[in-house]
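Reading the structure
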Amino acid sequence: MSLHATLILLVSAVALTLFFAWRGAQPPDLIRGPRMLPYRFLMVLAAAVVLFSVVHLLNLAGFETGQR
């Protein structure tokens, strides 16, 4: 994956992580019913994508992050 695609993925994953964190922290509204999306689980998945994107950027920069 190229540098530009990785940066786009990183920025969008950070934005999604922050959005899901904001939505998951809001108190439930009993009048509107239960939430249909598991926002905290989606936040963890988006944060994992952020972590993998940062590792991929480090690999593109020339750092070795894995074992030989």
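Residues numbered from 1 in each chain as written. Predicted model: local features only at pLDDT ≥ 70, side-chain atom pairs only at ≥ 80, totals over all residues. Heavy atoms only, no water.

**Re the packing of aromatic side chains**
- According to the stated counting rule, one finds three aromatic pairs in the structure shown.
- With a centroid separation of 6.0 Å and 45° between ring planes, the pair formed by Phe-19 and Trp-22 is classed as tilted. Of this pair, Phe-19 and Trp-22 both sit in helix 1 (residues 3-25), three residues apart, roughly one helical turn.
- According to the relative accessible area criterion, Trp-22 is partly exposed, its value standing at 49%.
- Taking the centre distance of 6.2 Å and the plane angle of 40° together, the rings of Phe-20 and Tyr-39 count as tilted. Of this pair, Phe-20 sits in helix 1 while Tyr-39 sits in helix 2 (residues 39-60); the two residues are 19 residues apart in sequence, bridging distant segments of the chain.
- Phe-20 gets classed as buried once you look at its relative accessible area, which sits at 13%.
- Cluster of aromatic residues (ring-pair linked, three or more members): Phe-19, Phe-20, Trp-22 and Tyr-39. (Phe/Tyr/Trp six-rings, centres within 6.5 Å; stacked < 30°, edge-to-face > 60°. Helix = DSSP H or I, 4+ residues; strand = E, 2+ residues; numbered from the N terminus. Buried < 20%, exposed > 50% of the residue type's maximum accessible area, 1.4 Å probe, protein only.)

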